[in-house]
Amino acid sequence: MQITSMTTYFVAPRWLFLKVETDEGITGWGEPVVEGRAHTVAAAVDELADHLVGQDPLRIEDHWQVMTKGGFYRGGPVLSSAVSGIDQALWDIKGKLHGVPVHDLLGGAVRDRMRMYAWIAGDEPSEAREHATARLEQGYTAVKMNVGGRMRLLESRREVQAVVDRVAAVREVIGPERDVAVDFHGRVSPALARELCRELEPLHPLFVEEPVLPELSHRLGDICSGTTVPIATGERLYSRWDFRPVLESGIAVAQPDLSHAGGISETRRIAAAAETYGVGLAPHCPLGPIALAACLQVDLASPNAFIQETSLGIHYNVGSDLEDYLLDASVFDFRDGHMARLTGPGLGIEIDEKAVAAAAEKGHRWRSPVWRHEDGSHAEW
């Protein structure tokens, strides 16, 4: 078998899909994208195609090694995301060839279903309460919310209390038997992160996500040791080497992104590394159906996976959502807050190629928002 072509598709709302075709008619799909830099990643995929077209798609590990180490300059989110989507597609091909889901090729399922959580919005307690209620009605037993908007290095007591009030409003709705996680989104300084975690402790968040920027990961030990709130991070870490010092810092949850952190191959290794530190796995996934399917394949084969993010219905997905690009969206149905084990071959989903092609005719040029503080200086989004 040989790879004959690699085609990328820019599809709304902000995604990049990849189709890898072979001379035996088996097609694999991946999702290589950096949000806001889709065209840059597509260029990286095109460069990597020079190595891959004409090669055997089943030599996944060898291709991973060459793609990540075959150049003098290595790493970074653009290259890693290009590799991630290609890796997903190659595993999809291999699973389809053998007629089994990818998790069977990773050692088999260790669970029958996967717990899911969804994002909620709401700048005011009443809005957060309303959105949380809607998610509960959809069947979720866990939600995640942002800490707030623009955050200064140190915040007023009023702003700190506003964060607590929003989380408290959600806790009131979901009760003690369900969970709320709080995403700091790297908007918070180490000092403010410690203060906020202390204030949130009585509300028992499932975890606090990305309390500081990845370049401040050396401060995670201080934050972890200063609070009883479990700390999660990893969406902007791209390899097992990036994760090593973070795992040693005392985090509770590793959150590699299957479209950024080297795909299925590398995330499986990150999951195993996390397991040696007693750290849980909760892959980051604010993306499309291919990325979610790839996450679930790793979740199903990883003993320390405990919850999975889905972007279904997230505010980014205006005009297009996960089901719009699937022939059978029922594979993502869930009950009691859980999604059943994917049993189809490969990634376990069937892409609607006509829908993808139609969306790609319009394309997109989504960009991350640029935020500024009241004084005009740049603010972390």
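Here's a quick rundown of the structure.

Section: the pairing of strand 6 (residues 179–183)
Point 1. Of all 5 residues in strand 6, 5 are buried, a share of seventy percent or more.
Point 2. Along strand 6, one buried face is formed by Asp-179, Ala-181 and Asp-183 and the opposite face, lined by Val-180 and Val-182, is buried too.
Point 3. Bridge analysis of strand 5 (residues 142–146) against strand 6 gives 5 bridges, and the strand direction is parallel. Its bridge partner being in strand 6, Ala-142 is matched across the sheet by Asp-179.
Point 4. Regarding topology, helix 6 (residues 157–174) serves as the crossover connection from strand 5 to the parallel strand 6, and that connection is right-handed.
Point 5. Of the pairings in the sheet, the one linking strand 6 to strand 7 (residues 208–209) comprises 2 bridges and is parallel in character. Bridging from a neighbouring strand, Asp-183 pairs with Glu-209 of strand 7.
Point 6. After leaving strand 6, the chain enters helix 7 (residues 190–200) and then returns to the sheet as strand 7, a path that is right-handed.

Looking at empty space enclosed by the protein
Point 1. What the rule picks out here adds up to 1 cavity of 30 Å³ or more.
Point 2. In this structure, the largest cavity spans a volume of roughly 60 Å³.
Point 3. Met-116, Tyr-140, Leu-292, Thr-310, Leu-312, Leu-322, Glu-323, Phe-332, Phe-334 and Met-339 together form the lining of the largest cavity.
Point 4. Its residues assigned to classes, the lining of the largest cavity comprises 8 nonpolar, 1 polar and 1 charged.

Considerations on the environment of Arg-178
Point 1. By the element assignment, Arg-178 lies in the loop between helix 6 and strand 6.
Point 2. Relative accessible area serves as the criterion here: at 26%, Arg-178 is assigned to the partly exposed category.
Point 3. Separated by 115 residues in the primary sequence, Arg-178 and His-63 have C-alpha atoms spaced 42 Å apart.
Point 4. When residues no more than four places from it in sequence are discounted, the contact partners of Arg-178 are Leu-136, Thr-141 and Arg-171.
Point 5. A distance of 3.0 Å separates a polar atom in the side chain of Arg-178 from the backbone oxygen of Ile-174.

Some thoughts on the layout of surface pockets
Point 1. Reported here for the largest pocket is a volume of approximately 1200 Å³.
Point 2. Contributing to the lining of the largest pocket are 49 residues, with His-185, Glu-235, Tyr-316, Ser-368 and Trp-381 lying nearest its centre.
Point 3. Of all elements in the fold, only helix 3 (77–98), strand 4 (113–120), strand 5 and strand 15 (378–379) reach the threshold of two or more residues within the lining of the largest pocket.
Point 4. If one sorts the elements of the lining of the largest pocket by residue count, strand 5 sits on top with 3 residues.
Point 5. Within the lining of the largest pocket, the residues separate by chemical class into 21 nonpolar, 11 polar and 17 charged.
Point 6. Gly-149, Arg-150, Arg-152, Glu-155, Ser-156, Arg-158, Glu-159, Arg-372, His-373, Glu-374, Asp-375 and Ser-377 are the residues that line the second largest pocket.
Point 7. Tallied by class, residues from the lining of the second largest pocket come to no nonpolar, 4 polar and 8 charged.

Definitions and cut-offs
- Residues numbered from 1 in each chain as written.
- Predicted model: local features only at pLDDT ≥ 70, side-chain atom pairs only at ≥ 80, totals over all residues.
- Heavy atoms only, no water.
- Buried < 20%, exposed > 50% of the residue type's maximum accessible area, 1.4 Å probe, protein only.
- Helix = DSSP H or I, 4+ residues; strand = E, 2+ residues; numbered from the N terminus.
- Pairing = 2+ DSSP bridges.
- Right-handed = clockwise from strand over helix to strand, strands pointing away.
- 1 Å grid on protein atoms, 1.4 Å probe; cavity = no way out; pocket = protein on both sides within 12 Å on 5 of 7 lines; lining within 4 Å.
- Points joined across faces, edges and corners; volume = space filled by probe spheres on them.
- Nonpolar A, V, L, I, M, F, W, Y, C, P; charged D, E, K, R; others polar.
- Contact = heavy atoms within 4.5 Å.
- Polar contact = N/O pair within 3.5 Å; in protein donor to acceptor, adjacent residues only side chain to side chain.

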